[in-house]
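Secondary and tertiary structure notes
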Amino acid sequence: MAQRPVYPFCAIVGQEEMKLALILASISPDLSGVLIRGEKGTAKSTAVRGLAALLPEHQEVPGAYHLSPEEYPVHAAELGLPETMPEPRTVRVPVIELPVGATEDRVTGTLDMETALREGRRRFEPGLLAAAHRAILYVDEVNLLDDHVVDLLLDSAAMGVNTVEREGVSVTHPARFTLVGTMNPEEGELRPQLLDRFGLCVEVHGESDPDTRAEIIRRRLDHDADPSGFARRWQDDQERQAAAIGRAQRIVDQIALNRTVTELIGSLCRHNHVAGHRADIVMAEATRAHAALAGRGIATEDDVLAVSE
């Protein structure tokens, strides 16, 4: 089956806050992820799927667990992998989709029954959490996820590992991912425990300006008529945005926050009656990511205000 063409991220009209939140989350994994709330037809899924083409490349060891070269010696023995590490490869960070109807086995992994029946030995078949290690895990209609699957995501997001114990198989493997969820609030709200795992939240709405709506129509029709030609016209913009994300990732850990900036963050959180201090830390990380995207070594009050919503 031919793969459906992906609409270019940079060609999305409007929805600047949504696009910025996704870019910031791709720059700083410490933001935990992004929740995008809004009515149908507001480019939520289009933006997340389009983000994949902008994500930078990284080194990984070939295999189902997507380990980095540094992780492989640490986890090879417990995962039953060869002692000699295969030659690492350079891959683009993927966006892994978790379907709303996914079963526990599909998410966490399960016993490979074919191997068990044919060879009489137990073999673990990794699931989506293994595929999403060091990647972005995307859940469309995240508010409709089964409660049991939500619990699995919460455990992995909190611990950074996935542990499976069943049918005589006990496996623990790394599962650190950036969680991105989209939802329509009209179809139900999100469990508070899962809501707390998203560092950033964006509310999206349909565009009200007639000219903007007309431009959305034109671009969509142009894309559907000639996806390849449309992608070529946006290729330069895509490459510039991808390069900016890559540069920001390399410097984000070096961005300094002075006292004025940290006090502004604390003040904003206090005036909005935020419970606990997690929001303060997330806003600080988002501020650093915003400054890194702009190529600055020191974050400013404008960076704080840009991410505060």
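Throughout what follows, the structure given in this document is the object of discussion. (Residues numbered from 1 in each chain as written. Predicted model: local features only at pLDDT ≥ 70, side-chain atom pairs only at ≥ 80, totals over all residues. Heavy atoms only, no water.)

1. Things to note about the overall build of the chain
Per the secondary structure count, the chain includes 14 helices and 11 strands. Buried residues in the chain amount to 46% of all 309 residues. Pairs at least 24 residues apart make up 75% of the contacts formed inside the chain by residues separated by at least 6 positions. For the chain, the accessible area works out to roughly 16,400 Å², and carbon and sulfur atoms hold 50% of it. The average position of the 32 basic charges and that of the 49 acidic charges among the side chains of the chain differ by 3 Å. (Helix = DSSP H or I, 4+ residues; strand = E, 2+ residues; numbered from the N terminus. Buried < 20%, exposed > 50% of the residue type's maximum accessible area, 1.4 Å probe, protein only. Contact = heavy atoms within 4.5 Å. Areas by Shrake-Rupley, 256 points an atom, 1.4 Å probe, with all protein chains shown as cover. Lys, Arg positive; Asp, Glu negative; His and termini not counted. Charge placed at Lys NZ, Arg CZ, Asp CG, Glu CD.)

2. As for the packing of aromatic side chains
Under the counting rule described, the total for this entry stands at 2 aromatic pairs. Taking 5.3 Å as the distance between ring centres and 35° as the angle between the ring planes, the aromatic pair formed by Tyr7 and Phe230 counts as tilted. Here Tyr7 is found in the segment before α1 (16-27), whereas its partner Phe230 is found in helix α10 (residues 227-233), with 223 residues between them in sequence. Grouping residues by exposure puts Tyr7 and Phe230 together as buried. Aromatic side chains Phe230 and Trp234 sit 6.4 Å apart centroid to centroid with 45° between the ring planes, which places their arrangement in the tilted category. (Phe/Tyr/Trp six-rings, centres within 6.5 Å; stacked < 30°, edge-to-face > 60°.)

3. So, the pattern of salt bridges
Scanning the entire structure with this criterion turns up 16 salt bridges. In this structure, Arg191 and Asp151 form a salt bridge, with 3.0 Å as the shortest nitrogen-oxygen distance. Of this pair, Arg191 sits in the loop between β10 (177-183) and α8 (192-195) while Asp151 sits in helix α7 (residues 147-159), placing them 40 residues apart in sequence. On the accessibility criterion, Arg191 (24% relative accessible area) is partly exposed. Each of Arg37, Glu189 and Glu203 takes part in one network of salt bridges that share partners. (Salt bridge = Lys/Arg side-chain N within 4 Å of Asp/Glu carboxyl O.)

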